[in-house]
Structures are given as structure tokens and as C-alpha cells.
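As a plain string of letters, each chain reads:
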Amino acid sequence: MHKRIAEIQSYLQHNDHSLAVRRILDASLDTADLSLLKEAIAFSRLYRQYKDAGLPPAFIESANSLLNRIDQVAERFTERTAPLVTASQISKTYSSGNFSLQPISLQVNTGDVLGIVGENGNGKTTLLRCMAAQLALTSGELQFAQLENPDHYEIKHHLAFIPQRIPRWFGLLKDNLHFSAAISGVKGEENEVMVDFMLERLDLTPYAHLTWNQISSGYRTRFEIARILLQKPKLLILDEPLANLDINAQQSILTDLRFMAKSVHNPMGILLSSQQLHEVEKIADTVLLIKKGSCLFRTGEQEKTATAFVIELETTVKRDQLLNVLAAEGEVQFNGGFYTVSSATLPAQEMLAKLVTAGIPISYFRDITHSTKRFI
Ligand SMILES: Nc1ncnc2c1ncn2[C@@H]1O[C@H](COP(=O)(O)OP(=O)(O)OP(=O)(O)O)[C@@H](O)[C@H]1O
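Parameters at a glance
Residues numbered from 1 in each chain as written. Predicted model: local features only at pLDDT ≥ 70, side-chain atom pairs only at ≥ 80, totals over all residues. Heavy atoms only, no water. UniProt positions renumbered as here; feature names shortened; annotations may be inferred. Core = buried A, V, L, I, M, F, W, Y, C linked by side-chain atoms within 4.5 Å. Buried < 20%, exposed > 50% of the residue type's maximum accessible area, 1.4 Å probe, protein only. Domains from an automatic or database assignment. Contact = heavy atoms within 4.5 Å. Pairing = 2+ DSSP bridges. Helix = DSSP H or I, 4+ residues; strand = E, 2+ residues; numbered from the N terminus. Buried area = accessible area lost by both parts, 1.4 Å probe. Salt bridge = Lys/Arg side-chain N within 4 Å of Asp/Glu carboxyl O. Polar contact = N/O pair within 3.5 Å; in protein donor to acceptor, adjacent residues only side chain to side chain. Nonpolar A, V, L, I, M, F, W, Y, C, P; charged D, E, K, R; others polar.

As recorded in an unreviewed UniProt entry, the protein goes by ABC transporter domain-containing protein and comes from Niastella populi. Per its UniProt entry, the protein bears the Sequence similarities (unreviewed entry) comment "Belongs to the ABC transporter superfamily."

Is there a simple way to explain the nonpolar core in this structure?
The nonpolar side chains of soluble globular proteins are, as a tendency, buried together. Among the nonpolar cores identified, the biggest contains 69 residues, and Ile-24, Leu-236 and Ile-270 are the most heavily contacted of them. Both domain 1 (3–76) and domain 2 (83–298) contribute no fewer than three residues apiece to this core. Not counting residues within four places of it along the chain, the set of residues in contact with Leu-236 comprises Ala-160, Ile-162, Ile-228, Leu-229, Leu-257, Met-268, Gly-269, Ile-270 and Leu-271. Formed by 27 residues, the second largest nonpolar core is a distinct cluster that contains Ile-90, Leu-147, Leu-159 and Leu-288.

Even after reading the chapter, I still don't get the pairing of strand β11 (residues 331–334), so can you show me in this structure?
Two strands pair when backbone bridges link them, and β11 and strand β12 (residues 339–343) are joined in this way by 4 bridges, in the antiparallel orientation. The residue of β12 that forms the bridge with Gln-333 is Thr-340. Here β11 hands over to β12 after 4 residues, with Gly-336 in that stretch at a positive phi of 100°.

So what exactly am I meant to see when it comes to the domain arrangement of the protein here?
As a measure of interface size, the accessible area lost when the parts come together is often cited. According to the domain assignment, the protein consists of domain 1 (3–76), domain 2 (83–298) and domain 3 (306–375). Between the C-alpha centres of domain 2 and domain 3 the distance comes to 36 Å. Counting residues at the interface gives 9 residues for domain 2 and 10 residues for domain 3. Of the roughly 780 Å² buried between domain 2 and domain 3, counting both surfaces, carbon and sulfur atoms make up 63%. It is His-278, Glu-281 and Phe-297 that lose the most area in domain 2 upon contact with domain 3, and together they represent 62% of the buried surface on that side. At the junction of domain 2 with domain 3, the criterion picks out 0 salt bridges. On the surface where domain 2 and domain 3 come into contact, there are 4 residue pairs in polar contact (both at pLDDT 80 or more). Put simply, the parts of the chain that give the side of domain 2 that touches domain 3 at least two residues each are α11 (277–283), β8 (286–291) and β9 (294–298). A per-class count over the side of domain 2 that touches domain 3 returns 6 nonpolar, 1 polar and 2 charged.

Explanation requested: the pattern of salt bridges in the structure shown.
In this structure the tally under the stated criterion is 17 salt bridges. Among the ionic pairs, Lys-373 bridges to Glu-312, the shortest N-O distance being 2.7 Å. With Lys-373 in the segment after β13 (364–367) and Glu-312 in strand β10 (residues 309–314), this pair connects stretches of sequence that are 61 residues apart. When its relative accessible area of 2% is taken as the criterion, Glu-312 is described as buried. Several salt bridges share partner residues, and in doing so they unite Arg-22, Arg-23, Asp-26, Arg-201 and Asp-256 into one network.

Please clarify how the environment of Gly-115 should be interpreted in this entry.
Within the secondary structure, Gly-115 sits in strand β3 (residues 113–117). By relative accessible area, Gly-115 is classed as buried at 0%. Taking the C-alpha atoms as reference points, Gly-115 and Glu-192, separated by 77 residues in sequence, lie 33 Å from one another. Leave out the neighbours within four places in its chain, and Gly-115 touches Leu-272, Val-280, Ala-284, Thr-286, Val-287 and Leu-288.

Next comes the structure, spelled out in C-alpha cells:
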């Protein structure tokens, strides 16, 4: 059995139903078999219908039967990776104002998710717009490895940019998706099935017959992702896709984007910006922290590896008590909400053991030794 199918079966066994249904949709799409895709869509609808009232016993049976059939075309599940865009020392200075994006180099490959994090006004959007060839560079060079003639037209078909503010559309959500697929050459039955697929995959089915005015900003973001994915871009750039989403939706959209990047049907490179450091670090292959227009830290960068172990801690005890437990092996800072503890000798596991042994109540503990959070 293919690894990916076994993984989905394990989600089902452990009642991670929502994740299993989303992954079944992805796996069926990768078979390129419309009848399996239609079955997966029907299965997802069944899940939505019964998820609150309790799933019928036939649910797991039909999931396993569908998975077995998908497994028979498992040879299609090969991940491909190829360079998409390479930025060499690109920089941008606006003609007005005093902001400059300092020279930065990065590469996005098929299947990669690259996160750009940083606080407001530090240059994330500027960097994304440079990567999307929307801004004239002050210096440096962009290379689109798969484009022979990277003019405006070719670039527009190669990459999709989802801005922070989703532009208004007219008419019904579903009709816009049909149109978007049609202009990318998806016609007839395939158009119907692909739109139904995107509606299910992005949780949009209940909103299919609504207009722009009738749906919330979070669902507008989902709509825009669905619309763009129907056009099968090679490189997807998203500016703050999490900004309008609730906490659960943030995590599921990020996980979904990661799965989509590695899809066989349309493998993509994904570049996204966000202020949600932890969430992005969980799913991105590489995260760059931008501060005042410069790349301050990139995950995995050896030369900037932490010289101390650092953790974040939320507890009701006072700083003195923590310092007592650490017995000169750590420093403690407080930001009003939680403590940041650094130690040259105690890795996170040992620090946690010490705190637990001393009976310190802990409501939050996170190892940020290798996180961009250390630099904020
Ligand atoms: N067209 C422009 N002309 C002049 N300055 C600009 C222009 N666009 C952005 N800036 C300035 O560049 C700086 C960086 O803005 P940018 O939007 O790239 O940051 P950001 O990190 O994406 O911020 P946010 O998280 O708030 O979206 C800001 O000081 C902004 O005012």
C-alpha cells in the first residue's frame, strides 16, 4: 500500500475525520480519474451532512473502499521538484518615502512552501510583489527557470498573486469558479467536477450560491484560493492569507497549502507572508524573518544558530521562583504575558523536566531555540 494511503487510513482510525476527508479529496484528484473524483466529492458531502449528528457506520467502510481503489493508481504519486523562481540580491527603494528592501536572495522550487514573516511595515508585501515581478527592481535579478520568454504575459500565466484585500467579484461564487476554470481551458464535465471539487476542498459548498456581499472576508480568501487553483499556477504567492481567518481555519488552510504544493495534479511552489510565526514555521520548508527591510534570519541558517537554548513559558509563579528553580543556569525575561527563559546549558527538555520536578504550574511551553521568534 502507498505511504500516503496508509497515512489517510491512520487518520480515519484515530477519528481525524476532517483531515482524512480533505486528504481523500487530494488523493482522488491525483489519480486524474473523474469517476474517483466524483466519488470523493460525494463522500466529502456525506461527511459534511453527518459530521455534527454522528457519522453512519458505512462512512468508514466507504472511505476504505474508495482508498483501496485510489491505491491501485498509486504509481502516480511521485513528487517532482524543479526550480521555479530565483531571486539574486534583489532590492527595492520606493521613489517616495524612505523605505528600502535590502538585497535579498531566495529560490522557490516546485513543492516548496516558503514563509516570509515579520511585523507590520517591515517589507513583506514589497518582497512578495518583487518576486511576482509586479515592482521594478532597484537592483538584482529574477529568473523564472521554466519560462523561455519571461515577459508580462508568460509570467502572468506562470504565477498567481493573492493580495491581502481580495478584489470584489460580481455574480454568484460558483459561477465565478466555472468561469475561472473555463478561461483556463477546463470545459464540459471536467469543469463541473473541478468546481465541485474546489467547493468541497475549500469548504465553500454552503456558500456556492452567494454573492461577494453575502460572505465573510475569510470565505472570500478561500474563494480566491479556489479560483486561482482552478487556473493551475506553477507558483502561488499569497500576501497574508491568514489575516481574515479564525484560528482553526488558519491551521487547516496552511496544512492544505502544504499538501497542495506537493500535489501530483498540479505541484506548485508557494510563497506566503504572515505575522503568525509559529503557524507558518509548522508547515513551511523555510521561513525568512524580515525586519526593517532586511532578512534578519532564515530557518536552517547555520551561522546564526542560537548560542543559548530559549523557551517561552506561561505560568502563574513569580520570576524569583523561576530563577530559584533554574539555579543560575538561566536568564528570565517577562513581557507582561509570558516569560522567555534562556539557558546556555539546559536544552528545552531538561528545562521542562526541572520545572515539572519543582512543581511549577505550566500552561504554555514552547522551544523557540530554532524559531524566528527569537529575533522578535
Ligand atoms: N508604493 C509605495 N511607495 C512608497 N512607500 C511604500 C509603498 N508601498 C509600501 N511602502 C512602504 O514600504 C514599507 C513596507 O511596506 P510593506 O507593505 O512591504 O510591509 P509589510 O511588512 O507587508 O507590512 P504589513 O504587514 O502591514 O502588510 C512601509 O513603510 C510602507 O509604507
